[in-house]
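# Summary of structural features
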Amino acid sequence: MSIDSHVLRSPELQGPSEPAGAIRAIDKHSVHQICSGQVVLTLATAVKELVENSIDAGATNIDVKLKESGAEQVEVADNGKGVEEANFEGLTLKHHTSKLRDFSDLIHVETFGFRGEALSSLCALSVITCHESSQVGTKLVFDHKGHLVQKTPHPRQQGTTVSLQQLFSTLPVRHKEFQRNIKKEYAKMIHVLQSYCIISTGVRITCSNQNGQGKRSTVLSTSGSQSMRDNIGAIFGPKQLQSLLPFQQVSPTENVIEEYGLKDADLPKQLFSITGFVSQGDHGVGRSTTDRQFYFINNRPCDPLKVTKLVNEVYHMYNRHQYPFVALNIAVASECVDVNVTPDKRQIFLQEEKLLLAILKTSLIAMYEGGVNKISLNYTPPPSTSKNTPLHVDPHISIIRGTTQKTLQSFFKDPVKTSSCNSSLKSPLKYTRQLDKCSYQAMSCEDTDSQKDSAGSSCNIAEAKPDIQCSDLESSPPKVDSTSVNNETFKETSGNSHAVPEDPDTFSNAGEKQSSTVDAPVSLQRRTVHLQFSLAELGKKMRRLQDQQKQRAGEELLYRRFRAKINPGENHSAEEELKKEISKEMFKEMEIIGQFNLGFIITKLKSDLFMIDQHATDEKYNFEMLQQHTILQGQKLIVPQKLHLTAVSENVLIENIEIFRNNGFEFLIDEDAQVMERVKLVSLPTSKNWTFGPSDIEELIFMLSDSPGVMCRPSRVRQMFASRACRKSVMIGTALNVNEMKKLVVHMGEIEHPWNCPHGRPTMRHLANLDVISQD
């Protein structure tokens, strides 16, 4: 951490005469610096602390001014009570506050700030203040230790102005990160400031920013209305107000009480009072993200995770694909709340939290069920299960199974070893006539374990081509001296049916233990083969094989790099393994083994075998090419359309105008116009049946707020590209030659995210490691 590096350089901490391991007290300056770094972590925290001080001082007008988005300067001015001269010295000292006398006051704390450490943490600051009892203001300058070093008269009306220069400049590492991520810091600060604008009724809050020597632009502005609804309209525009429902609190139902494990008799009455607004449940009026959700407990902005999760879950019951606008204030007795949990005071401990959740759930369901949302338009009837329903084949189905099709597992597991002669037999009579030809081959299937695979292969070939004689399938028979072969013939004739005994060794692979019944004379030849065997020679071969295995193990450590199974439940693990083990360059090195099931490419990289979905991988390549290189053409509007964007959204759009143009949007920009009217839409992207509008613009603005300057596409544009990519890609069922398969595999190394197609299907999975198989 940057704090530690700074502390280690302190001469007070590294005296030459003291041993390194000695335990000693840290000097006050270092303690101050360490604690300061733990209180104010971001630009949002710094602005929050200053705005809270202004609200606590009774201000009705708060003006926040930034330079270079807060990187150079943060200034907060208010018309509050001001600071009395007697409090000048303790204004920025650690643990000095006017809001608490002792620890017991925490139970009933009603002000925003109470720990007396925020101003001390912002040590590089100057303050201009005029108390309500003073005739003239005073300018105060403080050093890095929080000590007052200069006090001069300064003209000012009642109130206080705090100016902070070069935030985090005393912490080099953090300052560097702060400068690098200033756009994200600025966006987070605006979101926090919006929450105070919503809840602070009767207080006019404005925020402006100046970049370089340019014009100062207004970012946020409220009118000081006494209504939360008016404040929401001032920040987000009248369009947002049209889609809001006032929250209507009702008592929890018996089912919900039981769901949360509560007992109705023991529940406190009227403990919580909830007011505010949420989005209607109609599709289209919600938002694509959770960027406009604000929660307050006793007017204090906070982040109640369980409450947030519950509200979104209930909303998704009526609008599955969007998130609601939320502004809810929960009033509760102060003794039931602990706000002294985290430095930013955003995390709060609450008594009877389950009761609160039960009230929220019941109330939200009642609101949506009682309004226009009685019938959910998102409901999709389940598909018919009638046997007469025709089967529709989805072109995205990755694996086609048929009753006569071999499964992929048969290529890598021991196949069912049916005797090669069984598959070629048409009748019991043919069985008798071919038994003598098959006996040697059948024995060879069971001679040694090492020949099992070859026996299985010969059986499969015989199964595919039943006219091939078993003797034709024998490969490399051992050399046998003809003099050592004894032929014995025995006959058995009868008019009755006879059972021909089967050698259990001969047909053990087929799993058939029953006798075959024939109605014909039997004539069998038994061949006795005398093989040369030397135990010494066998020992030499075994030792040579062991030496080879040791040598190979020494050259390359064998371990299982891929452990995830081909199973939907292990998709995440499989993808993480591929990301870790497979680089872009490796796709060019992959050897094409062949095509399986007219849908999958089997490749080999060193000792690893992989299966690649030919449609999914081609679709992902085509999708990314469309994403990177397509410039959508726009359709001019007859009359420019007002968007009523917030000041923050207008600034994001203006700063990233080229990205919007690449997505087919054109705007008329008037920077001298008032906020929410500076940007007008003059052209929309069009593409056959796809239409786009303001909701796509808002989604782009949200993405660019988090990643400014990075080329991105709205979700509906991505859906359009995915549809195009799917139609132009190689389909399942298309036969490919080696060059075509190689091209698809090489393309995977040319895209950023080759592991999933745009619809989420995996493109590639690991099948087996040949070294591990050979060892087993």
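Look up: the structure comes first, before these words.
Structural notes, computed from the coordinates. For clarity, every value in this text was computed on a predicted model and none was experimentally measured.

## Quick look at the packing of aromatic side chains
All told, the structure shown has 10 aromatic pairs when counted by the stated rule. Residues F587 and W755 carry aromatic rings whose centres are separated by 6.0 Å and whose planes lie at 40 degrees to one another, so their mutual orientation is tilted. In this pair, F587 sits in helix α16 (residues 586-589) while W755 sits in the loop between α22 (738-748) and β27 (764-769), placing the two residues 168 residues apart along the sequence. Assessed through its relative accessible area of 1%, F587 is described here as buried. Taking relative accessible area as the criterion, W755 reaches 8% and is therefore assigned buried. What links up through ring pairs into an aromatic cluster is the set F236, F294 and F325.

## With respect to the sheet that holds strand β11 (residues 293-297)
Taking strand neighbours across the sheet as the criterion, the 5 strands line up as β9-β10-β13-β11-β12 in an open arrangement whose pairing is mixed. Here the strands that pair on one side only, and so sit at the sheet edges, are β9 (244-246) and β12 (300-302). Averaged over all neighbouring strand pairs, the angle between strand axes comes to 20 degrees, with direction disregarded. Across 3 bridges, β9 lies against strand β10 (residues 273-279) in antiparallel orientation. Paired with L244 across the strands is S279, a residue of β10. Helix-sheet contacts for helix α6 (residues 182-199) involve β11, β12 and β13 (326-331), and the interaxial angle to β11 is about 55 degrees. In the packing of helix α10 (residues 305-316) onto the sheet, the strands contacted are β10, β11 and β13, and the crossing angle to β11 comes to about 135 degrees.

## Let's talk about the environment of A366
In this fold, A366 is placed in helix α11 (residues 353-370). Accessibility expressed as a relative area gives 40% for A366, which makes it partly exposed. Each C-alpha atom, one on A366 and one on V250, is 8.1 Å from the other, the two residues being 116 residues apart in sequence.

## Section: helix α17 (residues 614-629)
Between the first and last C-alpha of α17 there are 23 Å, a value that for 16 residues agrees with the 22 Å anticipated at 1.5 Å per step. Across the 16 residues of α17, 13 count as buried, placing the element largely inside the fold. N-cap assignment for α17: the residue whose side-chain oxygen lies 3.0 Å from the backbone N of H615 is D613.

Cut-offs used in this document
Residues numbered from 1 in each chain as written. Predicted model: local features only at pLDDT ≥ 70, side-chain atom pairs only at ≥ 80, totals over all residues. Heavy atoms only, no water. Phe/Tyr/Trp six-rings, centres within 6.5 Å; stacked < 30°, edge-to-face > 60°. Helix = DSSP H or I, 4+ residues; strand = E, 2+ residues; numbered from the N terminus. Buried < 20%, exposed > 50% of the residue type's maximum accessible area, 1.4 Å probe, protein only. Pairing = 2+ DSSP bridges. Axes fitted to C-alpha atoms, helices over the stretch in contact; angles between N-to-C directions. Contact = heavy atoms within 4.5 Å. Expected span 1.5 Å × (residues − 1). Polar contact = N/O pair within 3.5 Å; in protein donor to acceptor, adjacent residues only side chain to side chain.

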